[in-house]
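# Inside the fold
Residue-level listing of the chains:
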Amino acid sequence: MALVALLALPVAPSDGGSGGSGGSGGGTIADAVSALVVLWCVARTVRGARRPLTRTAAILLGLPVIGIAVAAVGASTASAGSTGLVRYLQIFVLVPAAVLMLVRDRRDFRLVAWSLIALALFQGSIGAYQYVTGTGASYMGSDVRAVGTFGATDVMGMSTVVSYGVVCAVALALGPASPKQRQMALVCALLLMVPLALSFSRGAWIATVVACGAQLGLAGVRLALRSLAVVAAAAVVLVGGFGIGTQLLQERITSITQVTDAPDQSVTDRYTMWAAAVDMWRAEPVSGVGLKAFPDHRDSHASLALSSASDTAGAGAEFSRQPLLSPHNMYLLVLSEQGLLGLCTLVGSWAAFLLLGLRRVARVRGGAGADCALVACGLLVWQLVDFAYADIGGPSTVLMAVVLGLVAWWALSDRALAAPVPGEVPR
């Protein structure tokens, strides 16, 4: 919870940004605390003198290490390989393993989920204030883009945090909790829809719709229909009745369908970098070009349509040009830098988490732990969809590691399916 709470602190401009290839941005306080969490788990393991992970958990969490290590050896410089190795291990191996070991039962799991919702409400309230007062990041000539405390150089940070909050709130509202808790979670989900819309993040919108749709499908058809009716009514009131961002939102939503007919420069840049990433993979199909090597090979593989930098301003920052150092697609970033070996090991680990998590959903449907199942599966689906539009980097990346830890706990921990604890109410 302390690690999650630290992401409410403002981030210096030098620590933000997309993080470049593989998260090359500077470290934050939250990153330092995540290292302390890992060290604490190591100390507990040594002191307890027992095996901390099951064989299945050790294999699935350790599987990405193969591709990461090989790509680190093939990095252009030793410093790039070492920093990239540490960053990838932190996000996809060490912190998720620490969360898996530290979460004791479903009450701890829910506590972390509610802390994600609290962080989302805090960042979302700041983002909504930025939109109303015109103090957000620059968007189409106006400082109205909601970015929370992450600043103009990390416009995806607030949308990621708020999306996590929405997914957790929807899951808790659908779960077998008391009516008061379900109502509170539903209210939080509806409130978070406002800053999510004002973030103008198309990738976060798409991922949230897919994840919440999956949660509703897993919860049951009748409950899904009632929930959709509530969400539709709230959207009509917020957008139609109060006119929250009506014109800008309509233009942004319309742009999703114009990616081939009349794409804006950001879409053109993204497609160009995607093509460059695929070209890098063709040059080194097995092990890739090396960790954090995408920027070094970008210009030699990209076409002239690439603008090489994007404009950032607002939210307390001066106008600047932010270099485009990654393809903004996690799958293509891994494919280009780690090759097929890295992509298969990393995505294979996520696919195993998803399959194991869904198998456990059927065992707890409508009973104690159903809300934890919806939280874990919803967060993983959101992340897998969002990775098609974003990659790691920026202060919110450490929160992604916590989320993957929750997913791993539900999929692998025996405590996830333990007997009901006091306070749990089957539906």
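Residues numbered from 1 in each chain as written. Predicted model: local features only at pLDDT ≥ 70, side-chain atom pairs only at ≥ 80, totals over all residues. Heavy atoms only, no water.

### As for the overall build of the protein chain
Under the convention used in this document: Each helix is a run of DSSP H or I of at least 4 residues and each strand a run of E of at least 2, with the numbering of both proceeding from the N terminus. Summary of the burial criterion: residues with accessible area below 20% of their type's maximum are buried, those above 50% are exposed, and those between are partly exposed, where the area comes from a 1.4 Å probe applied to protein chains only. Here the Shrake-Rupley method, with its probe set to 1.4 Å, supplies the accessible areas, and only the displayed protein chains count as covering residues.
Looking only at helices and strands, one finds 15 helices and 4 strands in the protein chain. Out of the 427 residues belonging to the protein chain, those deemed buried represent 52%. With an accessible surface of roughly 18,000 Å², the protein chain has 67% of that area assigned to carbon and sulfur atoms.

### Some points on unusual backbone geometry
Apart from glycine, the bulk of residues carry a negative phi angle, and the bulk of peptide bonds sit in the trans form. Phi at Lys292 is positive, roughly 60°, even though this residue is not glycine. Considering the arrangement of structural elements, one finds Lys292 in the loop between α11 (265–283) and α12 (294–301). With phi around 55°, His328 is a residue other than glycine that occupies positive phi space. Along the chain, His328 falls in the loop between β4 (317–323) and α13 (330–364).

### Here we look at the confidence of the model for the protein chain
Applied cut-off: Residue-level confidence of the predictor, termed pLDDT, takes values from 0 up to 100. Note on contacts: a residue pair is in contact if any heavy atoms of the two residues lie within 4.5 Å.
On average, residues of the protein chain carry a pLDDT of 85, and 83% of them reach 70 or more. When pLDDT is averaged over each element of the protein chain, helix α15 (residues 397–412) comes out on top at 96 and helix α10 (residues 246–256) at the bottom at 59. Low pLDDT, under 50, characterises residues 14–20; the stretch is placed with 28 contacts to residues that sit more than four places away or in other chains.

### Some points on the packing of helix α6 (residues 155–174) against helix α14 (residues 370–386)
Note the threshold: Every angle, taken between N-to-C directions, lies between 0 and 180 degrees, and every axis is a line fitted to C-alpha atoms, over only the stretch in contact when it is a helix. Reported orientations rely on four angle classes, namely roughly parallel under 35 degrees, roughly antiparallel over 145, roughly perpendicular from 65 to 115, and oblique for the rest. Handedness of each helix crossing follows the sense of rotation of the near helix against the far helix: counterclockwise by less than a right angle gives left-handed, clockwise gives right-handed.
At a minimum axis distance of 8 Å, the contact between α6 and α14 shows a crossing angle of 150°. As judged from the angle between their axes, α6 and α14 are roughly antiparallel. The two elements α6 and α14 cross, and the hand of that crossing is right-handed. Residue-level contacts link Met156, Thr160, Ser163, Tyr164, Val167, Cys168, Ala171, Leu172 and Leu174 of α6 to Asp371, Leu374, Val375, Gly378, Leu379, Trp382, Gln383 and Asp386 of α14.

### Section: the environment of Leu404
With respect to the helices, strands and loops of the structure, Leu404 is situated in helix α15. Taking the C-alpha atoms as reference points, Leu404 and Gln383, 21 residues apart in sequence, are found 8.9 Å from one another. Setting aside residues up to four positions removed in sequence, Leu404 forms contacts with Ile91, Phe92 and Pro96.

### Focus: the packing of aromatic side chains
Under the convention used in this document: Ring geometry is summarised as follows: Phe, Tyr and Trp rings, the Trp one being its six-membered ring, pair when their centres sit within 6.5 Å, and such pairs are stacked at plane angles under 30 degrees, edge-to-face over 60 and tilted between the two.
Following the criterion strictly, the structure yields 9 aromatic pairs and no others. Here Tyr164 and Trp382 contribute two aromatic rings whose centre-to-centre distance is 5.2 Å and whose plane-to-plane angle is 65°, an arrangement assigned as edge-to-face. Here the residue Tyr164 occupies a position in helix α6, and Trp382 occupies one in helix α14, the gap between them amounting to 218 residues. Residue Tyr164 shares its accessibility class with Trp382, and that shared class is buried. Taken together, the aromatic side chains of Tyr88, Phe92, Tyr331, Trp350 and Phe387 make up a single cluster linked through ring pairs.

### As for a nonpolar patch on the surface
Short version of the rule: The residues that make up patches have over 30% relative accessible area and no salt bridge, and they are joined within 9 Å when like-charged or within 5 Å when they are Val, Leu, Ile, Met, Phe, Trp or Tyr. Here a salt bridge means any side-chain nitrogen of Lys or Arg lying within 4 Å of a carboxyl oxygen belonging to Asp or Glu.
A contiguous nonpolar surface patch, about 240 Å² in accessible area, is contributed by Leu121, Val187 and Leu191. Structurally, the position occupied by Leu191 is in helix α7 (residues 179–198).

### Thoughts on the pairing of strand β2 (residues 142–145)
This is how it is decided: Pairing between two strands requires that DSSP report at least two bridges joining them.
Where strand β1 (residues 137–139) and β2 come together, 3 bridges link them in antiparallel fashion. Note that in β2 the partner of Tyr139 across the bridge is Ser142. Here β1 hands over to β2 after 2 residues, with Met140 in that stretch at a positive phi of 55°.

### Concerning the pattern of salt bridges
In this structure the tally under the stated criterion is 5 salt bridges. The closest approach of N and O atoms between Arg107 and Asp105, which form a salt bridge, is 3.5 Å. With relative accessibility at 17%, the residue Asp105 sits in the buried group. Of the charged contacts, one joins Arg110 and Asp371 as a salt bridge, the two residues approaching to 2.6 Å between their closest N and O atoms. One end of the pair, Arg110, is in helix α5 (residues 106–133); the other, Asp371, is in helix α14, and 261 residues separate them in sequence. Here Arg110 falls in the buried class, since its relative accessible area comes to 15%. Residue class for Asp371 comes out buried when judged on its relative accessible area of 3%.

### Here's the deal with the environment of Val361
Tracing the chain through its elements places Val361 in helix α13. Along the chain, Val361 and Ala411 lie 50 residues apart, while their C-alpha atoms are 9.6 Å from each other. In contact with Val361, not counting residues within four places along its chain, are Leu218, Ala373, Cys377 and Trp410.

### Points about the nonpolar core
Stated precisely, the cut-off is as follows: The term nonpolar core refers to a set of buried residues drawn from Ala, Val, Leu, Ile, Met, Phe, Trp, Tyr and Cys, joined through side-chain atoms within 4.5 Å.
Ranked by size, the top nonpolar core spans 113 residues in total, and within it Phe92, Met330, Phe353, Leu379, Trp410 and Leu412 carry the most contacts. Of all the elements, α15 adds the most residues to this core, at 14 residues. Excluding its chain neighbours within four sequence positions, the residues that come into contact with Phe92 are Leu61, Met330, Leu346, Trp350, Phe387, Ile392, Met400 and Leu404.

### As for the side chain of Gln90
To be explicit about the condition: Under this definition, polar contacts are N or O atom pairs within 3.5 Å; protein pairs additionally need one hydrogen-donor-capable and one acceptor-capable atom, and for neighbouring residues in sequence, both atoms have to be side-chain atoms.
Structurally, Gln90 can be placed in helix α4 (residues 78–102). Engagement of the side chain of Gln90 in a polar contact is seen with the side chain of Asp31, the distance being 3.1 Å. Beyond its immediate stretch of four places on either side in the chain, Gln90 contacts Asp31, Ser34, Val95, Pro96, Val398 and Ala401.

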